Amino acid sequence: MSFRSSVVLNFFLVVLFMTSVNAVSSAQQVAKNQTPAMSAANGADVSRKLAVDQLDLKTYEVVNGDLSLCQNDMICVKEAKGIKSWRCAQEVCAGTDTSKKPMDCFEGLGGGYTKDVQAQIEASLCSLIKSPSTITRQALLGHMSNPEIKEDILVKRGAYLLALKGDAGSCGHYIKDFVGAYGAQWNSDWYLALSGCRILAGERTRQQEEKDFYTWFGVIKGIGSCADIENGEMREACSAPEAASPVPSPKPNGQ
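Residues numbered from 1 in each chain as written. Predicted model: local features only at pLDDT ≥ 70, side-chain atom pairs only at ≥ 80, totals over all residues. Heavy atoms only, no water.

Novice: So what's going on with the packing of aromatic side chains? Which residues, and what values?
Specialist: On inspection of all chains with the given rule, the structure shows 8 aromatic pairs. Measuring from centroid to centroid gives 5.8 Å for F178 and W190, while their planes differ by 55°, and the two rings are tilted. Taken as a pair, F178 in helix 7 (residues 168–179) and W190 in helix 8 (residues 188–200) lie far apart in primary sequence, 12 residues in all. When its relative accessible area of 7% is taken as the criterion, W190 is described as buried. On the basis of an interplanar angle of 10° and a centroid distance of 6.3 Å, the ring pair of F213 and W216 is categorised as stacked. (Phe/Tyr/Trp six-rings, centres within 6.5 Å; stacked < 30°, edge-to-face > 60°. Helix = DSSP H or I, 4+ residues; strand = E, 2+ residues; numbered from the N terminus. Buried < 20%, exposed > 50% of the residue type's maximum accessible area, 1.4 Å probe, protein only.)

Structure follows, in structure tokens:
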């Protein structure tokens, strides 16, 4: 190889090396500039998806289906059984089902009560189902000694019965009459109850509700706005002054 050829070859090698170094440096700089934003976006997306999973809205689908859809989620099974029990009692109280007494619809409820008290509970239960109100709720609670049965549970069960009749609006109003206007006193459980109203009544699907909650979770993280939520009720809840967070609390391990 001539001296001139050697010089030219070396020149091209140097140019190629410098070009490669610059390309790597530029790629590293771009990655350095983009990674934090991309990581934050990906992290927010993952946390929103996890929060949606925690909603457990499949519970309301299970009420009109098979409990096996809950899979190993015992909270889903317990809630779905509870709603089914109230629908059973509604049929008994209405005389549609004459094969049992109202308390037969509730697993383990009659234990520890005398026959007279059981009769009082059944009478109060039917009164509550037929005419849901603060008075009928308090009357039923007055006969019961189970500390797990509280007024908020009776409110949800009574509301769901209205939804199962196809009336999501009455179901929602019943809940809001008890909780009050949207604001700080609300929590994820009550927002879920309103979703239950819409799903049980057949007004919306679980997927539609989950999509709106996903949007709302993004609003909390500064992504999008309440106006992006499709459902009017949820949009109103999101926009309320001092709106409580809809993010559910993590479930206990194994549930």
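Novice: Report on the state of the cysteines, specifying residues and quantitative values.
Specialist: Cysteine pairs can be linked by a disulfide, which is a covalent bond between their two sulfur atoms. Applying the stated criterion across every chain, the model contains 5 disulfides. Bridging C70 to C76, the disulfide has an S-S length of 2.0 Å. Every disulfide takes its handedness from the sign of the S-S torsion; for C70 and C76 that torsion is -65°, giving left-handed. Overall, C70 belongs to the buried group, its relative accessible area being 1%. Between the sulfur atoms of C171 and its disulfide partner C197 the distance amounts to 1.9 Å. With the S-S dihedral at roughly -65°, the linkage between C171 and C197 falls on the left-handed side. Within this pair, whereas C171 is found in helix 7, its partner C197 is found in helix 8, the two being separated by 26 residues in sequence. The same class applies to C171 and to C197, which are both buried. Each bonded cysteine of the chain is numbered by sequence order, and under that numbering the disulfide pairs are 1-2, 3-5, 4-6, 7-8, 9-10. (Disulfide = S-S within 2.5 Å.)

Novice: Lay out empty space enclosed by the protein in plain terms, naming residues and giving numbers.
Specialist: One pass over the structure, following the stated rule, counts 1 cavity of 30 Å³ or more. In terms of lining, the largest cavity is formed by Y182, Y191, L194, R198, F213, W216, E233, M234 and A237. For the lining of the largest cavity, the secondary structure elements donating two or more residues are helix 8, helix 9 (206–220) and helix 10 (232–239). Split into classes, the residues belonging to the lining of the largest cavity amount to 7 nonpolar, no polar and 2 charged. (1 Å grid on protein atoms, 1.4 Å probe; cavity = no way out; pocket = protein on both sides within 12 Å on 5 of 7 lines; lining within 4 Å. Points joined across faces, edges and corners; volume = space filled by probe spheres on them. Nonpolar A, V, L, I, M, F, W, Y, C, P; charged D, E, K, R; others polar.)

Novice: Could you give an account of the layout of surface pockets, naming the residues involved and the relevant values?
Specialist: Its boundaries defined by the atoms lining it, the largest pocket holds a volume of some 1400 Å³. In terms of lining residues, the largest pocket is bounded by 46 residues, among which I75, K78, E79, I153 and R157 are the most central. The set of elements that each furnish at least two residues to the lining of the largest pocket consists of helix 1 (3–55), helix 2 (58–63), helix 3 (74–93), helix 4 (115–130), helix 6 (151–164) and helix 8. No other element matches the 9 residues that helix 3 contributes to the lining of the largest pocket.

Novice: Tell me about the nonpolar core, and name the residues and values.
Specialist: Formed by 60 residues in total, the largest nonpolar core has its most connected members in W86, I175, W186 and F213. At 9 residues, helix 3 tops the list of elements feeding residues into this core. The contact partners of W86, leaving out residues within four places of it in the chain, are F106, L125, L128, I129, L140, L154, R157 and L161. (Core = buried A, V, L, I, M, F, W, Y, C linked by side-chain atoms within 4.5 Å. Contact = heavy atoms within 4.5 Å.)

Novice: Which residues make up the environment of S124, and what values do they have?
Specialist: Residue placement: S124 occurs in helix 4. When its relative accessible area of 10% is taken as the criterion, S124 is described as buried. S124 sits 17 residues away from L141 along the chain, and the two C-alpha atoms are 8.9 Å apart. Residues in contact with S124, not counting those within four places in the same chain, are A139, L140 and H143.

Novice: Lay out the pattern of salt bridges in plain terms, naming residues and giving numbers.
Specialist: Oppositely charged side chains can form a pair if their charged atoms are brought close together. Under the criterion given, the structure shown has 13 salt bridges. Across the pair D56 and K58 runs a salt bridge whose closest N-O atoms are separated by 2.5 Å. The class for D56 is buried, based on a relative accessible area of 8%. Given a relative accessible area of 24%, K58 falls into the partly exposed group. For D97, the salt bridge is made with K100, and the minimal N-O distance between the two is 2.8 Å. Here the salt bridges share partners, and the residues they tie into one network are R198, R204, E209, K211, D212 and E230. (Salt bridge = Lys/Arg side-chain N within 4 Å of Asp/Glu carboxyl O.)

Geometry only, nothing functional implied.
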